[in-house]
Amino acid sequence: MTETQTPGGQTLLFLTDEQLRKGIEAMFFAYRGFTADPDRILDHHGYGRAHHRALHFISRTPGTTVNNLLSILGVTKQSLNRVLRTLIEDELVESRIGTHDKRERHLFLTDTGSALETELSTAQRERMRLAYREAGPEAVQGFRAVLEAMMDPELRHHFNQMKDVRHD
C-alpha cells in the first residue's frame, strides 16, 4: 500500500492486487464468522438467513411495507413471500393492511418474533463488540467508512434512513 499526495493536497491510496485479494478473503471469512452464531440459532428453529434478514429489517423499521422490504433485501417477491408466509404462520411477524392504501401490507414483529430477533442480534452485536474493541476506535471508523463506500447508492439511502434509529 502506498499513499501519494496530489497537488491539491488529496491523499491517494494505491493497493496491490494481492492486498485487495486479501481484503476480499478477509470479508468472506469475517462474514462466515459473523453469520455462524445466528445460523446455529436459526437452524435450531428451522429457519435460514433469509428469515434472519427479514426479522432484522422488520425490527429496525416496524411497520415497513412489503415493497420497502423487497427494496432493502433485493430479493424476488416470490422469495420474500415464502419467507414472510412462514414467519407469519409461525406468529413471528404480523401483517397489517395499510390504513391509507389497502393494497399495502405493513409488517411488525410479534413478541415471539422480537425475542428471536433479539437473540440473533445479541449474538452478532457481541461478535462485533469484541472485534471493535480489539481493533480500536480508528479502525472502527475506517471499517465503517469502507463498508459505506462499498454500498450501492440506493442501499446507502436505506442504510442512512436506518442508522439513526436507536435499537438496543
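Please refer to the structure higher up on the page.
The following refers to the structure shown. (Residues numbered from 1 in each chain as written. Predicted model: local features only at pLDDT ≥ 70, side-chain atom pairs only at ≥ 80, totals over all residues. Heavy atoms only, no water.)

## Description of the environment of R156
Secondary-structure assignment places R156 in helix 7 (residues 153-162). Taking the relative accessible area as the measure of exposure, R156 reaches 28% and is therefore partly exposed. Each C-alpha atom, one on R156 and one on I72, is 10.0 Å from the other, the two residues being 84 residues apart in sequence. Not counting the four nearest positions on each side in its chain, R156 is found in contact with E148, A149 and M151. (Helix = DSSP H or I, 4+ residues; strand = E, 2+ residues; numbered from the N terminus. Buried < 20%, exposed > 50% of the residue type's maximum accessible area, 1.4 Å probe, protein only. Contact = heavy atoms within 4.5 Å.)

## Let's talk about the layout of surface pockets
Within this model, the second largest pocket holds a volume of roughly 240 Å³. It is helix 1 (residues 17-45) that contributes the most residues to the lining of the second largest pocket, 5 residues altogether. Its residues placed into classes, the lining of the second largest pocket shows 7 nonpolar, 1 polar and no charged. (1 Å grid on protein atoms, 1.4 Å probe; cavity = no way out; pocket = protein on both sides within 12 Å on 5 of 7 lines; lining within 4 Å. Points joined across faces, edges and corners; volume = space filled by probe spheres on them. Nonpolar A, V, L, I, M, F, W, Y, C, P; charged D, E, K, R; others polar.)

## Brief notes about unusual backbone geometry
For residues that are not glycine, phi is negative in most cases, and the peptide bond is trans in most cases. Phi is positive for E91, which is not a glycine, with a value near 60°. With respect to the secondary-structure elements, E91 resides in the loop between helix 4 (77-89) and strand 4 (93-97).

## Focus on the packing of helix 3 (residues 66-73) against helix 7
One can describe the packing of helix 3 onto helix 7 by two numbers: an axis separation of 9 Å at closest approach and a directional angle of 120°. The way helix 3 lies across helix 7 gives a crossing that is left-handed. Of the residues in helix 7, those touching helix 3 at N68, S71 and I72 are L155, H158 and M162. (Axes fitted to C-alpha atoms, helices over the stretch in contact; angles between N-to-C directions. Left-handed = near helix turned anticlockwise from the far one by under 90°.)

## Remarks on the packing of aromatic side chains
With the rule as written, the count across this model stands at 1 aromatic pair. Aromatic side chains Y132 and F143 sit 6.4 Å apart centroid to centroid with 70° between the ring planes, which places their arrangement in the edge-to-face category. Placement of the pair is Y132 in helix 5 (residues 111-135) and F143 in helix 6 (residues 137-150), with a sequence separation of 11 residues. For Y132, a relative accessible area of 31% gives the class partly exposed. F143 sits in the partly exposed class, given a relative accessible area of 35%. In this arrangement the basic side chain of R96 is found over the ring face of F108, its NZ or CZ atom lying 3.8 Å from the centre. (Phe/Tyr/Trp six-rings, centres within 6.5 Å; stacked < 30°, edge-to-face > 60°. Lys NZ or Arg CZ within 6 Å of the ring centre and 35° of its normal.)

## Here's the deal with the sheet that holds strand 5 (residues 105-109)
The strands making up a sheet associate through hydrogen bonds between their backbones, and the pairing can be parallel or antiparallel. One open sheet holds the 3 strands; their spatial order is 3-5-4, and the pairing between them is antiparallel. Looking at which strands have only one partner, the edges of the open sheet turn out to be strand 3 (64-65) and strand 4. Where strand 4 meets strand 5, 5 bridges bridge the pair, whose relative direction is antiparallel. Each bridged residue has a counterpart across the sheet, and for R96 the counterpart in strand 5 is H106. (Pairing = 2+ DSSP bridges.)

## As for the pattern of salt bridges
By the definition in use, this model includes 9 salt bridges. A salt bridge links R40 to D37; the shortest N-O distance between them is 2.3 Å. In this pair, R40 and D37 both sit in helix 1, 3 residues apart, roughly one turn of the helix. According to the relative accessible area criterion, R40 is exposed, its value standing at 54%. Classification of D37 by relative accessible area gives partly exposed; the value is 22%. The salt bridge partner of R129 is E126, with a shortest N-O separation of 2.9 Å. (Salt bridge = Lys/Arg side-chain N within 4 Å of Asp/Glu carboxyl O.)

## With respect to the nonpolar core
With 22 residues, the main nonpolar core has L55, L69, L80, L84, L87, L107 and L116 as its most contacted residues. Mapped onto this core, the elements with two or more residues apiece are helix 1, helix 2 (49-60), helix 3, helix 4 and helix 5. Looking at which element gives the most residues to this core, the answer is helix 3, with 5 residues. For L55, the residues in contact, after removing those within four places along its chain, are L87, L92, V93, L109, G113, L116, E117 and L120. (Core = buried A, V, L, I, M, F, W, Y, C linked by side-chain atoms within 4.5 Å.)

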